[in-house]
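Listed below are the residues making up each chain.
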Amino acid sequence: MAFTFKKRSNLPGFGLALGYTVLYLSLIVLIPLAATFLKASTLTWSQFWHIAASPRALASYRLTFGASLIGALVNLVFGVLVAWVLVRYSFPGKRLLDSLVDLPFALPTAVAGIALTTIYSPNGWLAIALTFIGLPFVVRSVQPVLEDMDKELEEAAASLGANRWQTFFRVVLPTIVPAALAGFAMAFARAVGEYGSVVFISGNMPMRTEITPLLIITKLDQYDYAGATAIAIVMLVVSLLLLLPINLLQKWSGSREEKTTELVPQSIEA
C-alpha cells in the first residue's frame, strides 16, 4: 500500500514547502540534536552515569528545574493578570506598559543580569531573573485570546445571575487556559536554558547556586565535550518529559473549550 501525505489545503506548493520545512528543521534542530547524542555516545554507560548523576550535577538539576518552575508559575499568575489589565482597561501610559512587556525580548540577557544583580543579588533571589525573562511569553500568549473573546458570553453569564468571580472562573478562565498553559510551557523552557541573566545573580557556587547551563559551560572550558553533552542530554530528556504532559493538558483544554463554546449558545437560548 502506497504511503501518501494528507493535504489540508488546496493551495499549490505542498511538496516544495514541506521540503524546505524538513530541511530547515534538520539544520536547526535535528542535526544538532543528533550530533549531541553522537558525541555522548563516545562515553560508556558507566562514564555517562558517573557524569550525569554526580552530586554536583544533581544539585544543579534541582536548582535549575526548581527555580525555573517557580519562575514559570509566578509568570502564569501575574502574566494572566497583566494581559487582563492591558486588554480590559484603559489608563494613561497603557501603551508604554504594553511596550515594557517586550523589554526582556529586546534587552540583552547580560544587561538584565547586571541590573538584577545590583538590586537582588545580596538577597539571592534567583527566580527573579527567570521571572523577568519569561513574563512576555505568558502575556503575549493570553493577550490575543482575551482580545478575540466574545464579551457577549460574559454579559450572558451576568444576565443569568453570575457574579464577577463566577464569570471569570466559569467563562473567561476556560477560554484562556490553553493559551496560558502554552505561555507557561514556553516560559519554563526559556528559564531552563537561561544563562546570561542568571549567571550574574546566582553566585555560581558548586552544590549551592550553580545552574546546569553554567556547569555545561564549565566542562566546555575544560575541553570535556563528552561530559558537557552528557549533562545536556539529561537536560533535554527531562525537559521533554516535563513539557509533554503540559502539551497534552493544553490539547485537552482546547478540546474542552470548543465543547463549552458550542454548548453556551444552546444554554442561552434555553
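Reference entry: report on the structure contained in this document. (Residues numbered from 1 in each chain as written. Predicted model: local features only at pLDDT ≥ 70, side-chain atom pairs only at ≥ 80, totals over all residues. Heavy atoms only, no water.)

### What about the overall build of the chain?
When its secondary structure is counted, the chain shows 12 helices and 0 strands. Put simply, the chain runs from its N terminus to its C terminus through helices and strands in the order α-α-α-α-α-α-α-α-α-α-α-α. Per-residue burial over the chain gives 36% buried out of 270 residues. For the chain, the share of sequence-separated contacts (at least 6 apart) that also reach a separation of at least 24 residues comes to 77%. Entry remark: accessible area of the chain is about 16,900 Å², with carbon and sulfur atoms responsible for 67%. (Helix = DSSP H or I, 4+ residues; strand = E, 2+ residues; numbered from the N terminus. Buried < 20%, exposed > 50% of the residue type's maximum accessible area, 1.4 Å probe, protein only. Contact = heavy atoms within 4.5 Å. Areas by Shrake-Rupley, 256 points an atom, 1.4 Å probe, with all protein chains shown as cover.)

### Digging into the pattern of salt bridges
Considering all chains together, one arrives at 5 salt bridges under this definition. The salt bridge involving Glu210 is made with Arg56; its shortest N-O contact spans 2.7 Å. Taken together, the residues Glu210 in the loop between α10 (198-201) and α11 (212-221) and Arg56 in helix α3 (residues 55-88) connect sequence positions 154 residues apart. According to the relative accessible area criterion, Glu210 is buried, its value standing at 4%. With relative accessibility at 32%, the residue Arg56 sits in the partly exposed group. The salt bridge partner of Arg190 is Glu194, with a shortest N-O separation of 2.2 Å. One salt-bridge network, in which partners are shared between bridges, spans Asp98, Asp102 and Arg140. (Salt bridge = Lys/Arg side-chain N within 4 Å of Asp/Glu carboxyl O.)

### Details of the packing of α3 against helix α9 (residues 164-192)
Orientation of α3 relative to α9, taken along the N-to-C sense of each, is 140°, at an axis distance of 8 Å. Judged by the angle between their axes, α3 and α9 are oblique. In this structure, the crossing between α3 and α9 has a hand that is right-handed. Taking contact as the criterion, the partners of Thr64, Phe65, Ser68, Leu69, Ala72, Leu73, Asn75, Leu76, Val80 and Trp84 in α3 are, on α9, Phe168, Val172, Ile176, Ala180, Phe184, Ala187, Phe188, Ala191 and Val192. Here the contact of α3 with α9 is built from residues that sort into 16 nonpolar, 3 polar and no charged. (Axes fitted to C-alpha atoms, helices over the stretch in contact; angles between N-to-C directions. Parallel < 35°, antiparallel > 145°, perpendicular 65-115°, else oblique. Left-handed = near helix turned anticlockwise from the far one by under 90°. Nonpolar A, V, L, I, M, F, W, Y, C, P; charged D, E, K, R; others polar.)

### Concerning helix α1 (residues 14-40)
For α1, which comprises 27 residues, the first-to-last C-alpha distance of 37 Å matches the rise-based estimate of 39 Å (1.5 Å per residue) to within 8%. Along its length, α1 reaches its greatest deviation from straightness, about 55°, at Ser26. (Expected span 1.5 Å × (residues − 1). Bend = angle between axes of the 7 residues up to and from the residue.)

### Considerations on the nonpolar core
Of all hydrophobic cores here, the largest spans 43 residues; its most connected members are Phe48, Tyr61, Val142 and Leu146. Contributing elements (two or more residues each) for this core: α2 (45-52), α3, α7 (126-148), α9, α11 and α12 (225-269). In terms of residues, this core owes the most to one element, α9, which gives 10 residues. Setting aside chain neighbours within four positions, we find Val142 in contact with Val80, Ala83, Ile176, Ala179 and Ala180. (Core = buried A, V, L, I, M, F, W, Y, C linked by side-chain atoms within 4.5 Å.)

### As for the side chain of Ser141
The topology assignment puts Ser141 in helix α7. The class for Ser141 is buried, based on a relative accessible area of 16%. Among the polar contacts listed, one links the side chain of Ser141 to the backbone oxygen of Phe137, at a separation of 2.6 Å. Filtering out sequence-adjacent residues up to four positions away, Ser141 remains in contact with Ala179, Gly183 and Met186. (Polar contact = N/O pair within 3.5 Å; in protein donor to acceptor, adjacent residues only side chain to side chain.)

### Overview of the packing of aromatic side chains
The final tally for this structure, using the stated rule, is 8 aromatic pairs. With 5.2 Å between their ring centres and 80° between their planes, Phe105 and Phe137 make a pair best called edge-to-face. Residue Phe105 is located in helix α5 (residues 103-106), and its partner Phe137 is located in helix α7; the two are separated by 32 residues in the primary sequence. On the basis of relative accessibility, which here comes to 46%, the residue Phe105 falls in the partly exposed class. Ring plane angle 80° and centroid distance 5.3 Å describe the contact between Phe168 and Phe169, whose orientation is recorded as edge-to-face. Taken together, Trp84, Trp165, Phe168 and Phe169 form an aromatic cluster joined through their ring pairs. Here Arg88 stacks its cationic end above the ring of Trp84, 4.6 Å away from the centre of that ring. (Phe/Tyr/Trp six-rings, centres within 6.5 Å; stacked < 30°, edge-to-face > 60°. Lys NZ or Arg CZ within 6 Å of the ring centre and 35° of its normal.)

### Observations regarding the environment of Asp98
Relative to the helices and strands, Asp98 resides in helix α4 (residues 94-101). Through-space distance from the C-alpha of Asp98 to that of Ala83 is 9.1 Å; in sequence the pair is 15 residues apart.

### Comments concerning the side chain of Gln143
Secondary-structure assignment places Gln143 in helix α7. On the basis of relative accessibility, which here comes to 8%, the residue Gln143 falls in the buried class. Apart from residues no more than four positions distant in its own chain, Gln143 is found in contact with Ala83, Leu86, Val87 and Asp98.

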